[in-house]
Amino acid sequence: MKKRIKRFLIVTAILVAIPVLAISVMVIWNSMESKKDLDVIAGAKYGEFYTNVNGDRVNYTLYDSESEQVAVILPGLECISAHYEFDALAIKLSDKYKVVVYEPPGVGISDWSDTERTVENYTKELHELMQHLGYDKYTIIAHSFAGLYSLYYTNQYPDEVEAFIGIDATVPAEIEEADHEAYSNAKRLRTIMIKSGLVRLASSEEVIKDQFPSAKADELELCKALWCSAQYNDTRLNEYKNMVSNEEKCMDLIFPDTVPVLYILAKDTVSEDAKWEQLHKDVITNKDSKVSIISGDHYLHQSNLQGLVDEITSWDVRH
């Protein structure tokens, strides 16, 4: 009986030790590869850099054109690289606007900042960039949670924002339980998926091409580095941490009546949330504003790019 128990304990220990050892090896391997990724990201050269008052280098890509109108595109909370995510949209809009695709701190190849990711700091940093570029009149195009930042921004600089276009953009509403859990969930995802190496293990060339469809062949190494090592970085986690407080600061805001607003909502989102359309109508005051619903999911610039472009280019408000 004692021998059987001993054998059982030995076998059990081996069965436990094998996956623990495998996980440990994978974590160490991933940590070593992540250091290489950070060097790749630091050496990336797309777009242009601007150093803000906090000393952070932020990246932006300018799609220049002969148009006298300017638009700045702001990415959502889950964005890994605004440059790659919005490249196709920016190209299609470059006849109507000079387009600036902005990568806030923590996004793409912009610095990972220690500055708190509050709506006030976001507004200050974006305004600094627009001043640096010499633009004092522009349209803001924002996806997802950047819609909330844009609402705050427009109330701070109503004389500069000529119009706002929201891509299934977030609006002030009741703060949901998921918002309170966003920070802890993001931390868990970083530990389970990023730090463990599981994302890297599953990152085939096909996966990277799917996540960064506008990337050229010689940019896939950078894209893989961003995908495997930049998701849920400390700066982005800080943004999740400030998510609820940023929502609270915007809860009673509406757009100034001098600013025309075009909300383009995803049919999938409207189907999931019966209040989604009305919530967007509630923050509009300008008579030339419009709320449109088109087919596609939350990422309309990917799931229905041409439909999104058609809505934007056919909106003929003269601002």
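It should be emphasised that the depicted structure is a prediction, and the values quoted were computed from it without experimental measurement.

### Description of the packing of helix α4 (residues 119-133) against helix α5 (residues 146-156)
(1) Moving on: At their nearest, the axes of α4 and α5 sit 10 Å apart, and the two run at 70° to each other. When the axis of α4 is compared with that of α5, the two are roughly perpendicular. In this structure, α4 crosses over α5, and the sense of that crossing is right-handed. The segment α4 lies against α5, with Val 119, Glu 120, Tyr 122, Thr 123, Leu 126, His 127 and Met 130 engaging Ala 146, Tyr 149, Tyr 152, Tyr 153 and Gln 156.
(2) Moving on: Across the contact of α4 with α5, the residue classes tally to eight nonpolar, three polar and one charged.

### Things to note about the environment of Val 171
(1) Moving on: Residue position: Val 171 is located in the loop between β6 (161-167) and α6 (177-195).
(2) Moving on: Put simply, Val 171 and Ser 150 are 21 residues apart on the chain and 9.7 Å apart in space, counted from C-alpha to C-alpha.
(3) Moving on: The residues touching Val 171, leaving out its near neighbours within four places in the chain, are Leu 148, Tyr 263, Leu 279, His 280 and Val 283.

### Remarks on the pattern of salt bridges
(1) Moving on: The full count for this structure, using the stated rule, is eleven salt bridges.
(2) Moving on: Of the charged contacts, one joins Lys 249 and Glu 120 as a salt bridge, the two residues approaching to 3.0 Å between their closest N and O atoms. In this pair, Lys 249 sits in helix α11 (residues 243-250) while Glu 120 sits in helix α4, placing the two residues 129 residues apart along the sequence.
(3) Moving on: Overall, the relative accessible area of 33% leaves Glu 120 in the partly exposed class.

### Re a nonpolar patch on the surface
(1) Moving on: On the surface, a nonpolar cluster with roughly 520 Å² of combined accessible area is contributed by Trp 29, Leu 189, Ile 192, Met 193, Leu 198 and Leu 201.
(2) Moving on: Only α6 and α7 (198-201) provide two or more residues apiece to the nonpolar patch.
(3) Moving on: Ranked by residue count, the leading element in the nonpolar patch is α6, at three residues.
(4) Moving on: Of note, Leu 201 is situated in helix α7.

### Side note on the pairing of strand β7 (residues 261-266)
(1) Moving on: Burial analysis of β7 places six of its six residues in the buried class, which makes it a mostly covered element.
(2) Moving on: Side chains of β7 alternate between two faces, with Val 261, Tyr 263 and Leu 265 and Leu 262, Ile 264 and Ala 266 buried alike.
(3) Moving on: Across five bridges, β7 lies against strand β8 (residues 290-294) in parallel orientation. Bridging across to β8, Tyr 263 finds its partner in Val 291.

### Section: the nonpolar core
(1) Moving on: Residues Val 72, Leu 74, Tyr 138, Ile 140, Phe 212 and Tyr 263 are the most contacted members of the largest nonpolar core, which totals 65 residues.
(2) Moving on: Ala 90, Val 99, Leu 262 and Leu 308 belong to the second largest nonpolar core, which has 27 residues in total.

### Considering the pairing of strand β4 (residues 98-103)
(1) Moving on: For β4, a buried count of six out of six residues is recorded, marking the element as mostly surrounded by other parts of the structure.
(2) Moving on: Every second residue of β4 is oriented toward a common face, with Lys 98, Val 100 and Tyr 102 on one face and Val 99, Val 101 and Glu 103 on the other, all of them buried.
(3) Moving on: Strand direction decides the pairing type here: strand β2 (residues 57-63) and β4, joined by five bridges, are antiparallel. Bridging across to β4, Thr 61 finds its partner in Val 101.
(4) Moving on: By the bridge criterion, four bridges tie strand β3 (residues 70-74) to β4 in an arrangement that is parallel. Bridging from a neighbouring strand, Ala 71 pairs with Val 99 of β4.

### Structural notes on the sheet that holds β4
Note: strands within a sheet are paired through backbone hydrogen bonds, in either parallel or antiparallel orientation.
(1) Moving on: Taken in spatial order, the eight strands line up as β1-β2-β4-β3-β5-β6-β7-β8 in an open sheet, and their pairing is mixed. Across the chains shown, the open sheet's two edge strands, defined by having one partner strand only, are β1 (48-51) and β8. Put simply, the sheet's adjacent strands are angled 20° from each other on average, direction ignored.
(2) Moving on: α5 contacts β3, β5 (138-143) and β6 of the sheet and is inclined by roughly 150° relative to β5.

### Some words on the side chain of Asp 168
(1) Moving on: Here Asp 168 is to be found in the loop between β6 and α6.
(2) Moving on: One buried charged residue, Asp 168, remains without a salt bridge, the closest side chain of opposite sign being Lys 267 at 13 Å.
(3) Moving on: Within polar-contact distance, the side chain of Asp 168 engages the backbone nitrogen of Ala 266 at 2.9 Å.
(4) Moving on: Excluding residues that lie within four positions of it along the chain, Asp 168 makes contacts with Ser 144, Ile 264, Leu 265, Ala 266, Thr 269, Trp 276 and His 298.

Criteria and thresholds
Residues numbered from 1 in each chain as written. Predicted model: local features only at pLDDT ≥ 70, side-chain atom pairs only at ≥ 80, totals over all residues. Heavy atoms only, no water. Axes fitted to C-alpha atoms, helices over the stretch in contact; angles between N-to-C directions. Helix = DSSP H or I, 4+ residues; strand = E, 2+ residues; numbered from the N terminus. Parallel < 35°, antiparallel > 145°, perpendicular 65-115°, else oblique. Left-handed = near helix turned anticlockwise from the far one by under 90°. Contact = heavy atoms within 4.5 Å. Nonpolar A, V, L, I, M, F, W, Y, C, P; charged D, E, K, R; others polar. Salt bridge = Lys/Arg side-chain N within 4 Å of Asp/Glu carboxyl O. Buried < 20%, exposed > 50% of the residue type's maximum accessible area, 1.4 Å probe, protein only. Patch = residues over 30% accessible without salt bridge, like charges linked within 9 Å, V, L, I, M, F, W, Y side chains within 5 Å. Areas by Shrake-Rupley, 256 points an atom, 1.4 Å probe, with all protein chains shown as cover. Pairing = 2+ DSSP bridges. Core = buried A, V, L, I, M, F, W, Y, C linked by side-chain atoms within 4.5 Å. Lys, Arg positive; Asp, Glu negative; His and termini not counted. Polar contact = N/O pair within 3.5 Å; in protein donor to acceptor, adjacent residues only side chain to side chain.

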